[in-house]
Structure formats: C-alpha cells, structure tokens
Amino acid sequence: MAVPARTCGSSRPGPARTALPWPRRGPRPGPGASGPPRPLLLLLQPLLLLPLLAAPGASAYSFPQQHTMQHWARRLEQEIDGVMRIFGGVQQLREIYKDNRNLFEVQENEPQKLVEKVAGDIESLLDRKVQALKRLADAAENFQKAHRWQDNIKEEDIVYYDAKADAELDDPEIEDMERGSKVSTLRLDFVEDSNFKNKVNYSYTAVQIPTDIYKGSTVILNELNWTEALENVFTENRRQDPTLLWQVFGSATGVTRYYPATPWRAPKKIDLYDVRRRPWYIQGASSPKDMVIIVDVSGSVSGLTLKLMKTSVCEMLDTLSDDDYVNVASFNEKAQPVSCFTHLVQANVRNKKVFKEAVQGMVAKGTTGYKAGFEYAFDQLQNSNITRANCNKMIMMFTDGGEDRVQDVFEKYNWPNRTVRVFTFSVGQHNYDVTPLQWMACANKGYYFEIPSIGAIRINTQEYLDVLGRPMVLAGKEAKQVQWTNVYEDALGLGLVVTGTLPVFNLTQDGPGEKKNQLILGVMGIDVALNDIKRLTPNYTLGANGYVFAIDLNGYVLLHPNLKPQSNFREPVTLDFLDAELEDENKEEIRRSMIDGNRGHKQIRTLVRSLDERYIDEVTRNYTWVPIRNTNYSLGLVLPPYGTFYLQANLSDQILQVKYFEFLLPSSFESEGHVFIAPREYCKDLNASDNNTEFLKNFIELMEKVTPDSKQCNNFLLHNLILDTGITQQLVERVWRDQDLNTYSLLAVFAATDGGITRVFPNKAAEDWMESPEPFGASFYRRSLDNRGYVFKPPHQDALLRPLELENDTVGILVSTAVEFSLGGRTLRPAVVGVKLDLEAWAEKFKVLASNRTHQDQPQKCGPSSHCEMDCEVNNEDLLCVLIDDGGFLVLSNQNHQWDQVGRFFSEVDANLMLALYNNSFYTRKESYDYQAACAPQPPGNLGAAPRGVFVPTIADFLNLAWWTSAAAWSLFQQLLYGLIYHSWFQADPAEAEGNPEARESSCVMKQTQYYFGSVNASYNAIIDCGNCSRLFHAQRLTNTNLLFVVAEKPLCSQCEAGRLLQKETHSDGPEQCELVQRPRYRRGPHICFDYNATEDTSDCGRGASFPPSLSILVSLQLLLLLGLPPGPQAPVHAQASRRL
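None of the values given here were measured: they were computed from a predicted structure.

Participant: Requested: an account of the pattern of salt bridges, with residues and values cited.
Facilitator: If you walk through the whole model with that rule in mind, you get 41 salt bridges. Across the pair Arg458 and Glu315 runs a salt bridge whose closest N-O atoms are separated by 3.8 Å. Here Arg458 is found in helix H15 (residues 457-460), whereas its partner Glu315 is found in helix H10 (residues 303-317), with 143 residues between them in sequence. Since its relative accessible area comes to 12%, Arg458 is described here as buried. Residue Glu315 is classed as buried on the basis of its relative accessible area, which comes to 17%. Close ionic contact of Asp596 with Arg1084 constitutes a salt bridge, the shortest N to O distance being 3.8 Å. Of this pair, Asp596 sits in the loop between helix H20 (585-595) and strand S24 (600-609) while Arg1084 sits in the loop between helix H33 (1073-1076) and helix H34 (1111-1123), and the two are 488 residues apart along the sequence. By relative accessible area, which is 27% here, Asp596 ends up partly exposed. Take Arg1084: its relative accessible area is 27%, and that puts it in the partly exposed class. By sharing partners, the salt bridges in this structure join Asp576, Asp579, Glu583, Arg591 and Arg1081 into a single network.

Put into structure tokens, the structure is as follows:
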C-alpha cells in the first residue's frame, strides 16, 4: 500500500534542515526493557497503509513497506556474513590453532590465587620500604637527641648541597638577596639514572629550603647541622634495598633533606614549595581533622584585612587532605555558611574548590558577634548524623579583633573536657587588644596567631599542625605507625607515586625531671613508584580486557587501567573507583566490601566504556578482591568469562623458532603481509620506540644476539609472539594469499592476537593502517572480544575537523570478529580477524543491496500509471538510507555527499532523525565525568597597572591624615615592601607563564556522553511529526552486527528545528557538589587517632605583640613610594622559623 504524498511548496528547498522532535509519550524504557512499540506508534500505523494520492497517468513512488525493508536488511546481513566467512578466516584460524595444539599449553587464571599472590607481593614490596622508614625515623630521633644546640652557629660552619643553588644562580633577584650569605654550598656531579628519571648523585643528600625562610637563621642552621648525619642512614638503606627511590625527611622547620641528591625542579616563577604543605607530610604529622573555619565579616573589617582573611582561609583549606572534614562560615551578628554546604564535608579537591570560590564573595557589614560564630561552629562539630573524621576537632577563627571572650559559650559546649581546640587568628595591622583572642586559644588547647600581612599567611596557617602533633608525640611508640598516601605526582619527576610516612618525634627534655618534649620534628617519607607496583601484577595473561586494580579507604584508586591523569599537578590524584569505571549498584557493593577489608567474589553484568571512549558495551565481568595486609589498600582482579584460560607457547623446537621468526623479517612482508609487533618489554636490552618499524628493527637486531630462552628476556612474551607469527602466517597461506580482495572491494584483511602480532595483508595496506600495534590497546580488538558477531568501526572523525578525503581508495571501514574455540572443554578467544572495506565501493554496493533490483545490472524502473516502492538506489534524492553503528556513528549512506561524513556522530549529519531514534529507544544515553582532564586556564582580566590583590587607596585617602596612621596604610606598606622582593606573588610574568606547563593547564572536569543500543530489537516504522514536514522512517537492527539499518524520507521543509544530541566531550563543572554531599560515598578513615593525651602541656598557646607604627617613619616611606624614588639597598625579608627545639 502507499502513503500520502507530502507537499511543502512547489519545489524542493536547499540544504535539508531538521524538524522539531515529535512529542514523547511516557517514560523511555531502560536497559533490558522489552515490549511493543509505544501507543503513539500504534496510532500511526494506519497512516502507513493509506493509498498514495497521485495524478492519473503519472508514475508514483510510495515509502517502502516494512517487509520490503526487512528483505533489504536480510540481504545486507547475508552479504556481510559471506564476505567475513570467505576472507575473515575465522573457521580456518580455529583449525590452525587446533592443528598446532602441540606448540602451546592452555593455562588457567585462578582469580582467588592470582589476587592473593599479587596482594602478597605488594605487601612484601611495601614492607621493605617500611623497614627502611623505621630505621630512618629511629636514627633521626637519636641524632637530634644527641645534638647540642648552638646559639652562635655560623653559616660558614655548615656545608651542604643546596638543591636550589643552580636555579638561584640564574635568578638575579634571588642572587642579590643571597649575596651576603656565607653558607658553603657543595658543587656536585650527577649521572643519569633511569630509575629516578633524573640525574642523581648517590654520595650526597640534597637540601631544599622554602623561599620565604631565611637560610642563615639559627634554627635552620642547627637543623642542617644535625640532619647531616642522616646521609649515612640513607646510603645504608639503599645498600640493603637497591630498589629504594626517594628517601625524604621533611622537617617541621620547613627544611627538606632528600636522597639521592638531585637539582631541584624549580618553576620559572617564584618557588612556593614547602614540604609542610605537602599531603604526605600533613598526613604523617597529624591525625584526621574535623575543622570549622569561621570568618569575622563585621563592618570593622577593612577592605585589605578582608582580602587577607580570604587568602588565609584558602591557604588553610590547602592544609587539609581527603581524610579531613571541613565547613566554612562567616559571622557578624549572625553566622551562616559561605557556601551551599550546611554541614561538615570531606576536604576533597572539588569541595575545597567550592569553598574557595564562595569565600571570595564574603562582604563585610554589621557588628562583631563572636557568640554567633562559635555557637554555629560547635553545633557543626556536634552533628553526629553525618560522615566525618571523628578525630581532631577544631575551630579556626579569623578576625580583626574584639573584646568579647564568649566564656559562656565555651562553658556550655567545650568545658571541662576541652575536646575541641580553638585557634584564633588576628588578621591585619590594628591597635585592638588581642588579649581576648589569646585567652580563647589558651583556654581551649589551641594557639593564637597573627597575620599582619600577606607574607605571614602561609607560615601561620600551617603551624597549627604542631599543636595537633602533640598527642602523637606523647603517645610515643603507639603512634609510630606507617601510613600510605593517596596517589600524587612526584615533585622531582618520578611520575605517579605513593609515599609511606612515619612521624619523627623530639625526644629531648628541657632538664632533669622535666616533662617529655611534645614537639614533632618532622615526617620521614619513602616514595614507591606506581610502575614498580604494576610490575608485580600479571599483564598479558589476563587478556585484553582483564586487569588488576587497588583502592584505599577513601575508595580512591591506587592501581587501575583508567588512572591516567593528563595534567602535571602536585595535588593528589583522587580518582574514585566509581569514577574510574561506569558506576552501578554492584560496583558500589564491591567498593564498600573492599574498603571494609573483606574478601569477595562476584560476577556482574555491567557497562564498560571503549578504549577510544566512543562506545559503551554491556558485558559480563568477574570481580575478585582481597585486602593487602599491613596497609590501607585493597586489591581487586577483573576478568571476563573468556579470560579464564590463556595460551602459553611451548616452542622447544629451535628450528621451528627460526622458521617462524623469519616471518617477522621485512623481507617476507610482500608475500606474507605486513607484521606489526606490540611494543612490549620482551627483553631488558630492547630499545623502545614509538615508531613500530624502528621497534621491529631493534627487536630483530636483539634477537640476532640472544635466544628466546635468554634469562634477560621474558620467555612467555617472546615464545607467544613467535608462535603467533607462525599461526598468522599459516592464515595467509591457507586463506588470504589466493583470494582477490578487489572482487569484494576490500582494502585489506587482518588478524591480531593476544601474543602481540597484528598481520595486515597485503603489505601495501599497512601504509594506511591507523590502529595501535598493541592489540590490547586497540579499540576494535577489545570490543570484538566483548561482542558476538561482526563489529564495524568507521574511521574516527571529529565535527571540528575537515571531512574525509576520499582519494586513492584509502578510506576504509574495519569489520572484525573474535576467534573462539574450545580445547578439552576450555574456551579461549586468542585472536581477532577482520576485513577493511573500501568505503566508496561498499557505499555503492549498499545502494544495490537496499534496492528493488531483480537483476544485477538492471535497476528497477517504474512505468507510467504504476505504483512502485521507493528504494535506496533509484530514489536516493527522496529516500535516505544509512547504516549507523551502536555508538550512533555513520557507517554507510546512499547519499554521495555524506560519504565524507562517515565516522561522524549521526546527529551532526541528520539531527532530526537521530533525535527520533533516541526518542524511540533505539539508543540509550550514558553520561559520565572525567575528573582527570587538563584544561587551559582562563586568562585573567587586566584590571589596571596595580598588582593584583593589592588595595589601591583613593585620592581622598591620601588627603586624610588619619588614613596615614591607620592599619590599612601600614598593611599596604608592608604588602608593597614584600611585593618589591616577591613580585611574582602579586603578578605573573606573561613570558614565564607561557613557558610554564603548570601555568598553561589546570585540572578540570570534562563531561563524556556515549550512546549505545537501547531496548528495541524489533523492526518497525514511525513518523517524525512536524506538520506538513513530517517524515516517515524505518529502523531495524542487523543480526550478528553492531549496525542499525535506517530508511527515512529526506526532509522537504526547513521550518522544523530539532535539538541536536551531543556526543563529544565537553567542559563541565561536574555534578552539583551541593547535591553530592547530601549522599556521600562510603569511606573509612585511618584506623588510628591521636587527638588527646592527659599529659599534654597547653601552656604554649601563642603570644602576640602590638606594633604601633611610627608616624614619621610611615610618612617618609610612603612619600618615597608615592614619588617613585628608587629604594635603597634593603635587607631581604624572610619569615623566621618560630620553633623551639
């Protein structure tokens, strides 16, 4: 039957435009749902049966009927299957494997045994580092105890290697600042070391001192003096364990001494590295924290003081790790949270970002109300209905001063036990009485700090850690427990590492019978590179889709194939297991069990993202997990069902080895096809190369010197590689060599194997082979193993790139399928075979197969006065016919102008039709977030010539004598003076920023969207309703493929617009943090907590000093600045380390 003809003007308009989506009825079924088409489709079915209204005597075409299109679909299925059977060689390769049964053994992956062995190996590796840590910590405590403090120590008395010396020699500013220094700095020679990815010197340690600490101070010189003895312990540790990497002592004074010596990697801008702010130091120096920060925003807070407070809060947040919980509130007469967070939240990177942005919006007004601020803070800390650290509890108050001591609040909430420490910060220069602030801190086991200017922020927002460390020191050996950190980027170029940390305590006493010292000396750390841990895991025996992963108590991954941070940051890499994979309820359960330290095994159906991040597959996976003893980590193993067994070559016949090896020689490629070998670590002396031709050359040269059984080589990898070389050559001999690929318009045939061989035939086709030479790293290989039938993969195209160039028949479409066979009841999938279709030729063939031809050379003709069904060949001006893959990408089209768009997401080709397919559940959308991306920073706005962040006074201020003696003027002077020396704290040099990788990119979140086949498996017609511009379409899945066959009327009108579905990765702020914190993911804190000790001496709680500025000095200095006179020589301004040793 025919359908009504459509009219939309007298002639066909220009380029087709999309139409409005027709309304959806009810919810779309989820994955796995089935059932009849929607009621709307049933109502529309009669429309498909109405007669065609056509003028008498004229030929007319009708939209093809459903059974006709099903017939076309069967023809397409048969053609694809026939080509793959003839040229793919699946059956023949099965027989080849069976014929060579004597050359390999079938081995079994036993998940429980495997995961227990790997966990044991990792435990042993980390235990060796633990022993080295303990030797270092014990030695440091003894060295410091034996050290005699020298008040008159001089710089020339100390000889050490200053790791920043080479960089500072190139910096004229720092060179001028240190010109008067008499410290004897060693000059060392370095040798390249592949283990450290750096030049090192094993005979010495290196010292790094933060820029804002004066190297010649008495505290620093004494620290350098006693830590020098650690050099021998570092060296002895390496002798006992040559695999040790960086051994580091981070001192509470800010000094870092590390071994082996290597020059410091200083950024081009000022180096703000301070070991005390590194996550590994913070974790080792104190137990987890529940912190509430309250900020005074009353009207008395001047503009400059408020800016100092905002900066101080941000710096304070940077001292917190993922084991800590925090909230930030502002107060005047009332207290309120600065952000959407109404309770304590985990101090992770994304939550801290929310706080930092919210803090910038604080505005000063009203009167000071300490009571409101403290009551809010105590209520936050007493809320037991939320997840929190449940260890150290503290309140950090930033204010410009006040008289109220709020003793009644402390009596109500905190006395007599004083379980909450109170730290007070007097911000800005003022003449207020600071006694109440000192009293608050001293009465609540806290500390009082002053932040008069920007130069005091960093040091004073981190020294509270010394107070938190007191209970640890007093606990003695009980607190000497090694902790392992999250993954982070090593500052010295080692790559991704984890660090074992151990606190170092001050064992000295002030005198006979005096109380035990309660100061922490610092933290000892030893790095372990993730690559060293990965080497303990099985790689190639698990197959392309099997892998090992590990997580910590926060659920963050330590090991995972998707742990690939793209940016060069020094912040922890906190990728949650549920973000590394596609989250579902089963994985949430597995994650919880692992965090709890349980063992388990579970088979699940889950979604996985393809390696190229374009596709989603629903697969079966077996998860097995065990805890790694003596650590906070848990190890998991993931295997697909077909990964239970694998092949292990047994090539004892050396003659056969030589025979197969000859098929790797380029001289054999012309007759046997080109061979790509996976760039694996076959032998220790094999030189790696990104160019596979060069890598193969290096491999052949090495094999001429050693045998596959050499001890310096991985015999498993080498034997399997050589075996698969011979196996795939036999496929050439039996199938490919005698076939004419041009007969079926094929550009190439290929086979790839678990052993690392990819053979492409004929040899000339290798010139256009764009797939990875590592089969395990090729998307087509991994997807073929996970999917039954034939997997089509069009060339990858981005909407922003120019269309394909259809020249010299080089553009092809891959079609691949896995080779599966069984031996003795054991099923294996050791290889994938496929063909590469000639795009243009198969597009023409597609038209013919989807046509009403009855003869090969005769297209159907519709005579006068007859009614005919349209087809994809004759009526291609009116009928659109396409093949779309399971990701929604165009594979083939009957429209010649769309051939160069093959590989694009179909919404970019026909947004109207793709939306209809999605609305009809042919496709399901999966959205997720990539938290490892790197983005270019937003360029800062040019706000004038003044340094950023500095208060600029108005003319009225200059004319007001009161302003000159005010706190604002004095603080401004200090900032400007500090800025003369450390100008890059205020403004960035564009040239430096341009050449600095850290300035070029920053961490960001990218939203990923993929589509995959939905619940509809049936074939049916539907209509895209758009008034006179409505379009009929038919869609049907092709059996045994990942293709959808779609036939649709071409759009006649241009007034219908449709929303375009997006598939490409886009920049995002991520999921709404304010909502996420209401349903936090399960986690556990460290097993130990040291927040209280009855013997703690809290008498040292901070002392402040009022510094009233001199009017005459102020006026003189300000006039110098205002008149632009060059300042005379000035002594460097350094922050003294305020510690009592």
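Following the structure, the description resumes.
Participant: An account of the nonpolar core is needed here, citing residue identities and associated values.
Facilitator: Here is a general trend for soluble globular proteins: nonpolar side chains tend to be buried in one another's company. Residues Leu917, Tyr923 and Phe1045 are the most contacted members of the largest nonpolar core, which totals 98 residues. Per-element accounting of this core gives the leading share, eight residues, to helix H2 (residues 66-88).

Participant: Tell me about the sheet that holds strand S22 (residues 557-559), and name the residues and values.
Facilitator: On the basis of which strands lie adjacent, the open sheet formed by five strands has the order S22-S21-S26-S25-S24 and antiparallel pairing. Where the open sheet ends on each side, the last strands, each with one partner, are S22 and S24. Sheet twist, expressed as the average angle between the axes of neighbouring strands with direction ignored, equals 35°. Inspection of the sheet shows strand S21 (residues 547-551) paired to S22 by two bridges, in the antiparallel sense. In the sheet register, Ala550 faces S22, and the bridge partner there is Leu559.

Participant: Tell me about helix H3 (residues 90-99), and please be specific about residues and values.
Facilitator: When we look at burial in H3, the residues that qualify are Val90, Leu93, Ile96 and Tyr97. Projected down its long axis, H3 carries its buried residues within an arc of 115°, all on one side.

Participant: Explain the packing of H2 against helix H26 (residues 839-849) residue by residue, including any values.
Facilitator: In contact at an axis separation of 9 Å, H2 and H26 are set at 140° when each is read in the N-to-C sense. Judged by the angle between their axes, H2 and H26 are oblique. Residues Trp72, Arg75, Leu76, Glu79 and Val83 of H2 lie in contact with H26, whose contacting residues are Trp842, Lys845, Phe846, Val848 and Leu849. Class assignment of the residues belonging to the contact of H2 with H26 gives a composition of seven nonpolar, no polar and three charged.

Participant: Residues and numbers for unusual backbone geometry, please.
Facilitator: In the segment running from Tyr259 into Pro260, the intervening peptide bond is cis, with an omega of -5°. Tracing the backbone shows Pro260 in the loop between strand S9 (256-259) and helix H9 (279-285). Cis geometry marks the peptide bond from Phe761 to Pro762; its omega dihedral reads 0°. Tracing the chain through its elements places Pro762 in the loop between strand S30 (757-761) and helix H25 (779-786).

Parameters at a glance
- Residues numbered from 1 in each chain as written.
- Predicted model: local features only at pLDDT ≥ 70, side-chain atom pairs only at ≥ 80, totals over all residues.
- Heavy atoms only, no water.
- Salt bridge = Lys/Arg side-chain N within 4 Å of Asp/Glu carboxyl O.
- Helix = DSSP H or I, 4+ residues; strand = E, 2+ residues; numbered from the N terminus.
- Buried < 20%, exposed > 50% of the residue type's maximum accessible area, 1.4 Å probe, protein only.
- Core = buried A, V, L, I, M, F, W, Y, C linked by side-chain atoms within 4.5 Å.
- Pairing = 2+ DSSP bridges.
- Axes fitted to C-alpha atoms, helices over the stretch in contact; angles between N-to-C directions.
- Arc of directions from axis to C-beta.
- Parallel < 35°, antiparallel > 145°, perpendicular 65-115°, else oblique.
- Contact = heavy atoms within 4.5 Å.
- Nonpolar A, V, L, I, M, F, W, Y, C, P; charged D, E, K, R; others polar.

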